[in-house]
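Now for the letters of each chain:
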Amino acid sequence: RMVISWYGQACFKVQSGELVMAIDPYGKAIGLTPPRFKADILLVSHEHPDHNNIEAIPEGAFVVRGPGDYEVKGVSITGIPTFHDSQGGSLRGANTAFLIEMDGMRLVHLGDFGEEKIRPETVDLLGEVDILFVPVGGTYTVDATSAAEIVNAIEPKIIIPMHYRIPGLSVKLDEVETFLKEMGAKEVTPEDRLTLKKKDLLEGASS
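Quick look at the structure, then. Please read these numbers as outputs of a predicted model, since none were measured by experiment.

Hydrogen bonds between backbone atoms are what pair the strands of a sheet, whose relative direction is either parallel or antiparallel. Across the sheet, which stays open at both edges, the six strands sit in the order β5-β4-β3-β2-β1-β12 with mixed pairing between neighbours. Lying at the two open borders of the sheet, with one neighbouring strand each, are β5 (62–65) and β12 (193–196). On average, each strand axis in the sheet is tilted by 15° relative to the strand beside it, whichever way the strands run. Of the pairings in the sheet, the one linking strand β4 (residues 41–44) to β5 comprises four bridges and is parallel in character.

Moving on to the sheet that holds strand β8 (residues 94–102). Strand order in the open sheet made by the six strands is β6-β7-β8-β9-β10-β11, with mixed pairing throughout. Each end of this open sheet is capped by a strand with a single partner; those strands are β6 (68–72) and β11 (158–162). Geometrically, the sheet is characterised by an average inter-axis angle of 20° between neighbouring strands, direction not taken into account. Alignment of β8 against strand β9 (residues 105–109), held across five bridges, turns out to be antiparallel. Looking at β9, one finds that I100 is bridged to L107. Each of β10 (131–135) and β11 is contacted by helix α2 (residues 144–154), which is oriented at about 160° to β10, the strand it contacts most.

Turning our attention to the pairing of strand β7 (residues 75–83). Each regular strand displays side chains that alternate between the two surfaces of the sheet. In terms of burial, β7 is a largely internal element, seven of the nine residues being buried. Where β6 hands over to β7, the hairpin turn is made up of two residues, of which K73 adopts a positive phi near 50°. Sheet topology note: the β7/β8 ladder contains eight bridges and is antiparallel. Each bridged residue has a counterpart across the sheet, and for T78 the counterpart in β8 is L99.

Let's shift gears to the side chain of S16. Checked against the element boundaries, S16 lands in strand β2 (residues 11–16). Here the side chain of S16 touches D103 through a polar contact of 2.8 Å, side chain to side chain. Not counting residues within four places of it along the chain, the set of residues in contact with S16 comprises R1, M102 and D103.

All right, on to the pairing of β8 then. In terms of residue burial, β8 counts as a mostly covered element, since seven of its nine residues are buried. If you look at the hairpin formed by β8 and β9, you'll find two residues sitting between the two strands, and D103 has a positive phi there, around 60°.

In this section: the packing of α2 against helix α3 (residues 176–183). Running from amino to carboxyl end, α2 crosses α3 at an angle of 45°, the nearest separation of the two axes being 9 Å. Judged by the inter-axis angle, α2 sits oblique to α3. As for how α2 packs across α3, the hand of that crossing is right-handed. Facing A144, T145, A147, A148 and V151 of α2, the residues of α3 in contact are T178, F179, E182 and M183. A breakdown of the residues in the contact of α2 with α3 according to their chemical character gives six nonpolar, two polar and one charged.

With the rule as written, the count across this model stands at four aromatic pairs. With centroids separated by 4.6 Å and ring planes inclined at 65°, the aromatic side chains of F12 and F133 adopt a geometry described as edge-to-face. Here F12 is found in strand β2, whereas its partner F133 is found in strand β10, with 121 residues between them in sequence. There is no split in this pair, since F12 and F133 are both buried. An aromatic cluster is built from W6, F12, F133 and Y164, whose rings are joined through pairwise contacts.

About the thresholds
- Residues numbered from 1 in each chain as written.
- Predicted model: local features only at pLDDT ≥ 70, side-chain atom pairs only at ≥ 80, totals over all residues.
- Heavy atoms only, no water.
- Pairing = 2+ DSSP bridges.
- Helix = DSSP H or I, 4+ residues; strand = E, 2+ residues; numbered from the N terminus.
- Axes fitted to C-alpha atoms, helices over the stretch in contact; angles between N-to-C directions.
- Contact = heavy atoms within 4.5 Å.
- Buried < 20%, exposed > 50% of the residue type's maximum accessible area, 1.4 Å probe, protein only.
- Polar contact = N/O pair within 3.5 Å; in protein donor to acceptor, adjacent residues only side chain to side chain.
- Parallel < 35°, antiparallel > 145°, perpendicular 65-115°, else oblique.
- Left-handed = near helix turned anticlockwise from the far one by under 90°.
- Nonpolar A, V, L, I, M, F, W, Y, C, P; charged D, E, K, R; others polar.
- Phe/Tyr/Trp six-rings, centres within 6.5 Å; stacked < 30°, edge-to-face > 60°.

What follows is the structure in structure tokens.
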């Protein structure tokens, strides 16, 4: 089974058995206490201090930065080049979206995706997605409306919104409610942790 925990901003811990993956740990400049946990694999979507605080994760993790194909401890990772803004990277540079294949599931973490529209070739590269981590807070990434369009283009089985306003965060972002309204989601109960197995997704798809 897989356990996914959110630490705020775009930072997640993804655990499968003994294997732990950290994604986009942040520094304390954004007002939150940086995450601290041991990981085997550490993904960094881009070199901004709210995503690349690799010092927060004790030494020993295999660090994956940027585009390319990686195979680490039975986990297949594909870094797909995208932009942090709608101007071809001229404002905020490059961003890597990660396709992660583990436990028979396909996870996609979009990092600080900021393109006005997701390119068809990116959607093709991602293929069928079980779990999508998508930024929704605007300002530095896509906003709620664009995030909803991305979700509709990718059609994941599970959506995990990230990079939105939470208590203590000093960065000015929109609240997640804006995105939930865009998606027509009502009476959503937030969870800090998601536990699931591949068969849960199969059951969900058939119902």
